[in-house]
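Structural characterization, general
Here is what each chain is made of, one letter per residue.
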Amino acid sequence: MLLKSMLLWCIFSIALVLICEAQTKKSGKVLTYEEVNDDPYALNKFYFHLQPVYGELFATNVNIGFGVQMDYQITRGLGLSANWRRPYARQTDFAREVAYKNQDNVDNNQTFNYLEFGGTIHLSDRAQKGKSKIILYSKRYRGNRWANRTPEKLVIPSQVRKVIGLRWGGIMFNSTTDINQAAKQQGVALVDQENNPVDNAKLYGNINTRGIYAGIGLHIIKNVAIKPHRDFGVLVNDLNFNAFVDVMYAPSIELDDIILDGNIVSGDQLATQELGFRAGIQGKFNKPFGFSYGAEFGHRPSLKERGFYSMFKLGFPVFGFPPKDFTRTYR
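So, here's what we can say about the structure. Keep in mind the model is a prediction, meaning the values are calculated, not measured. Numbers given to residues run from 1 along each chain, matching the order in which its sequence is written. Under the rules for a predicted model, residues below a pLDDT of 70 receive no local features and side-chain atom pairs below 80 are neither given nor counted, while totals for whole chains, interfaces and linings still include all residues. Side-chain metrics rest on all non-hydrogen atoms present in the structure, leaving aside hydrogens and water.

**Focus: the packing of aromatic side chains**
To keep it simple, the criterion reads: Pairs were defined over the aromatic rings of Phe, Tyr and Trp, the Trp ring being its six-membered one, requiring ring centres within 6.5 Å. Orientation was assigned from the angle between planes: stacked under 30 degrees, edge-to-face over 60, tilted for the rest. Where helices and strands are cited, they refer to DSSP runs of H or I of at least four residues and of E of at least two residues respectively, numbered from the N terminus. Throughout this description, buried means an accessible area under 20% of the type-specific maximum (1.4 Å probe, protein chains only), exposed means over 50%, and partly exposed covers the range between.
For the structure on display, the rule yields 10 aromatic pairs. Measuring from centroid to centroid gives 5.8 Å for F66 and W84, while their planes differ by 80°, and the two rings are edge-to-face. Pair noted here: F66 is in strand β3 (residues 63-75) and W84 is in strand β4 (residues 78-87), with a separation of 18 residues, a long-range link. Residue F66 is classed as partly exposed on the basis of its relative accessible area, which comes to 29%. Look at W84 and you get partly exposed, because its relative accessible area is 29%.

Structure representation (structure tokens):
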């Protein structure tokens, strides 16, 4: 009995020593670092986004293409932005492509073009204590070594800047759209100027919308850099993330008249929806050379029953230009 007790005690002692040794080794691997920068106000002043791809599931006209975007922070409390998009070609401007191949009225097929410009006035701008996730990346992980690793993350205390802003601006777009589908959705029997029904014709028309928007946006900004004391270079979390909700109003929505066999089919027969809304996100990084992303969905002012849309866009490269007196101490 005594021998058995001694044997169990030895096993327990050895296990305890091994656990303590493991804990000691683990604690010896705790990553320490030096803070290089933690200033969410030290941001680039101007960004120029090249957007090689965007896609819109728009009830008026599905389209895929490219665009450009510019963001300019005039002062700490006021920023401006502009965005322009258009399809790659007729084949990715889907209503126009179908119209080109199938319509009976051959002249009504304009290219989709979208232009937006506006700004944000800061209503609240505060930095507070928070946390940032830093991905532990080393140049030694390039190629297959990085692909085969599960990225490790370090959560550190940092300043988090939160800006609540009033958004405002203007929107305009031109597009081809399916007139037959719009009439069907609205329950309208189309007629020409002589009151002859044109239900059997394949009709496409040009719609031109001009409007304004206003809403609220929330910016979350982190701009922290650290230098770990082993294995890694300078690691950064410099996200500039924006979530927003807007109301859109378009007092000018024009559907061009359609010429069919020498007769006029008035665009005024179809109803329009002047009021719309959207919600979305946008993100970029405080780098001289980086990328950006954005997505939104809602109901855009257009023909009635034809306003729903969802859109995504990717920006690369994105060029960031700092103020003249701005110095990056961690690049």
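On we go.
**Examining the sheet that holds strand β15 (residues 289-299)**
Stated formally: Here, a strand pair is defined by DSSP locating no fewer than two bridges between the strands. Angles here are taken between N-to-C directions and fall from 0 to 180 degrees, while the axes themselves are lines fitted to C-alpha atoms, restricted in helices to the stretch in contact. Contacts are assigned to residue pairs that have any heavy atoms within 4.5 Å of one another.
With respect to topology, 10 strands assemble into a closed barrel ordered β2-β3-β4-β5-β6-β7-β10-β14-β15-β17, the strand pairing being antiparallel. Each strand axis lies, on average, 25° off the axis of its neighbour in the sheet, ignoring direction. For strand β5 (residues 113-136) and strand β6 (residues 152-178), the ladder comprises 23 bridges, and the chain directions are antiparallel. Looking at β6, one finds that K133 is bridged to V155. Running at roughly 30° to β6, helix α2 (residues 94-102) makes contact with β3, β6 and β7 (204-221) of the sheet. Docked against the sheet, helix α4 (residues 179-186) engages β6, β7 and β10 (239-255), running at close to 100° with respect to β6.

**Side note on the nonpolar core**
Worth spelling out the cut-off: Throughout, nonpolar core names a set of buried Ala, Val, Leu, Ile, Met, Phe, Trp, Tyr and Cys residues whose side chains join them through atoms within 4.5 Å.
Core analysis: the largest hydrophobic core is formed by 16 residues, its most contacted members being I179, L190, L203 and L270. Among the elements of the structure, α4, β10 and β11 (258-260) are those that each provide at least two residues to this core. When near neighbours in sequence (up to four residues on either side) are disregarded, I179 contacts L190, L203, Y204, G205, L255, I258 and L270. Counting 10 residues, the second-largest nonpolar core is a separate cluster that includes Y114, F173, M248 and Y309.

Any functional reading would require information that these geometric values do not contain.
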